[in-house]
Amino acid sequence: MAAVLTAGELRKGVKLEIDGEPYLITDFEFNKPGKGQSLYRCRLKNMITGIQFDRTYRSGDKFNSADLEEQEMQFLYSDGENYHFMNMSNFEQIEMTYEAVGDASHFLSENLLVNVLLFQGRPIGLSVPNFVDLQIVSSAPGIKGDTASGSTKPATLSTGHVIQVPLFVEEGETVRIDTRTGQYVERVKV
Amino acid sequence: METDNSGGLGGKRRFLETRCRVLGSIRAFFETEGFLEVQTPLLTAAPVPELHISPIPAGPRLFLSTSPELHMKRLLAAGFEKIFQITRSFRAGELGRFHHPEFTILEWYRLAADYTDLQRDCQKLVRAACRASRQSSDLFFHGSPIDCSSPWEKITVARAFEKFAGWVPGPNPDTDRFDLDMSQKVQKNLGFPAPCILEDYPVSQAALARIKPGNPEVAERFELFWAGVELANGFSELTDPVEQRMRFCSAIESKKRLEGIDYPMPEAFLLSLENLGPCAGIALGVDRLVMLLSDADSIDDVVAFGPQTA
């Protein structure tokens, strides 16, 4: 449920609803000139479009917090245009556009549990686990004798995303990836 | 691996040493000038009624002091002609890079003086603090070179607004527009590299200040800015008890409407005004002066314990 906030409650990280859209305060500054009124300068980021702008509020201004909730969902499949998920609490299926899924699409494998961010019940983004295991579907063989040099080669994941892996990693193997950096962590035995 | 269980206190040594030196230089300055150091109550039933300053309640009909101003003036009215105080003041809801709800304030008052005397005090005081605190020959604040020994600029509010905001406020400018432009256009340009005195505020922006003789549109109020930071606010004091009561009345009514709290009229202070001759007084943010002299990123750096760790 959206709550009513006063200007004094604005902080970095607070999420507001403005003109029917959710905004995140990414930067915040309290200012109070002399004996004048308090001013609250916010940098706001639209949580759907990513567009940012600055706005200054005064004490007395009131806001609705953005009606946001996170819901655990299972990734089912992509039909080329949309990504389909199942809500694990009510088993309803939802779909999200490529734009809403964003870079998380690099790491979506079938049955992966993700957290979908809902604004007024509408999916607007998702977060994947910090570490995911994905299969390498294609990668050139490593060069013999170069296994310890720290060199890397490109490898295509089952999602179609390409990452850099050490030379000893082979096609068909499963690797663990840190989704925050997009980097290879280790090989995993399946 | 060692972990820091001190809450970052160890990293504050440099700032706390500067703070100590600044406090020492302030006391030394006022001793040389023949001032009496006084202490006034932190707990009061009648805080200064000011529209944009909210006291923190401390019990039934009791508040933490938002500034020592009224008590200091009562001493002044009783004939203590030069007094100063370094104390804590408390203001609800003020939290930011330059604001803590509990902060250290320096106030000083002179009988038979006006705001130009205070401006001279400011120069001497800040230069003394600068000398006392200086660790290297070149001072910087947030990337800008600062210094307080070169001549200080003095500019009227009208001129500063014309220059930086593109309009000239009359005696009663729109408060929202004035505050916003002061905060976002004017203030950030003032006090580079040396401190700047911004003076002669529109009458409506100087509730406790005397009207300037010869120019009824402005009041004898000034603020001190250094590197865009508001450091002090002083004025030739309003000593007319009737006018003062009227202004308090209007603030008390507004606060009752806005905050739902019925603040009492500071009657003892108003009574003392009957005996108060011409005088001038000023408040200076000690934490901010320390910030400037130690290039601190935030007010959190210059106090041992801030609101998050207190």
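Note that the structure is a prediction, hence the values are computed from the model and not measured. (Residues numbered from 1 in each chain as written. Chains lettered and ligands numbered in written order. Predicted model: local features only at pLDDT ≥ 70, side-chain atom pairs only at ≥ 80, totals over all residues. Heavy atoms only, no water.)

S.K.: I keep staring at the sheet that holds strand β3 (residues 57–59) of chain B and nothing clicks. Help me out?
M.R.: Two modes of strand pairing occur in sheets, parallel and antiparallel, and in both the strands are linked by backbone hydrogen bonds. All names here are of chain B. In spatial order, the strands read β2-β4-β3; together these three strands make up an open sheet with antiparallel pairing. Strands with a single pairing partner mark the edges of an open sheet, and in this sheet they are β2 (43–44) and β3. With two bridges connecting them, β3 and strand β4 (residues 62–64) associate as antiparallel partners. From the neighbouring strand, P57 faces β4, where its bridge partner is F63. (Pairing = 2+ DSSP bridges. Helix = DSSP H or I, 4+ residues; strand = E, 2+ residues; numbered from the N terminus.)

S.K.: What's the story with the packing of aromatic side chains in this structure? I'm lost.
M.R.: Aromatic ring pairs are described here by two measures, namely the spacing of the ring centres and the angle between the planes. Residues and elements named next belong to chain B. Tallying each qualifying case throughout the model produces 16 aromatic pairs over all chains. Relative to F178, the ring of F161 has its centre 4.7 Å away and its plane inclined at 10 degrees; by these criteria the two rings are stacked. Here the residue F161 occupies a position in helix α4 (residues 157–164), and F178 occupies one in helix α5 (residues 175–186), the gap between them amounting to 17 residues. Assigned by exposure class, F161 and F178 land together as buried. Aromatic ring contacts, followed pair by pair, group F29, F30, F35, F84 and W108 into a single cluster. Sitting above the plane of the W167 ring, R177 keeps its charged end 3.9 Å from the centroid. In this structure, R221 is placed above the aromatic ring of Y201, and the distance from its NZ or CZ to the ring centre is 4.0 Å. (Phe/Tyr/Trp six-rings, centres within 6.5 Å; stacked < 30°, edge-to-face > 60°. Buried < 20%, exposed > 50% of the residue type's maximum accessible area, 1.4 Å probe, protein only. Lys NZ or Arg CZ within 6 Å of the ring centre and 35° of its normal.)

S.K.: I would appreciate a short explanation of the interface of chain B and chain A in the present structure.
M.R.: Where interface size is quoted, it is often the accessible area lost as the parts come together. At the junction of the two partners, chain B supplies 21 residues and chain A supplies 13 residues. Across the interface of chain B and chain A, roughly 1,600 Å² is buried in total on both sides, 48% from carbon and sulfur atoms. Looking only at chain B, the three residues that lose the most surface to chain A are H52, H99 and D179 of chain B, adding up to 27% of its buried area. Counting across the interface, chain B meets chain A through two salt bridges. Residues D176 of chain B and R58 of chain A are paired through a salt bridge, measuring 3.7 Å at the closest nitrogen-oxygen approach. On inspection of chain B and its partner chain A, the count reaches six residue pairs in polar contact (both at pLDDT 80 or more). Elements represented by at least two residues in the side of chain B that touches chain A include exactly α5, β12 (215–226) and β13 (229–236) of chain B. It is α5 of chain B that provides the largest number of residues to the side of chain B that touches chain A, a total of seven residues. Looking at the side of chain B that touches chain A residue by residue, the classes come out as four nonpolar, nine polar and eight charged. (Contact = heavy atoms within 4.5 Å. Buried area = accessible area lost by both parts, 1.4 Å probe. Salt bridge = Lys/Arg side-chain N within 4 Å of Asp/Glu carboxyl O. Polar contact = N/O pair within 3.5 Å; in protein donor to acceptor, adjacent residues only side chain to side chain. Nonpolar A, V, L, I, M, F, W, Y, C, P; charged D, E, K, R; others polar.)

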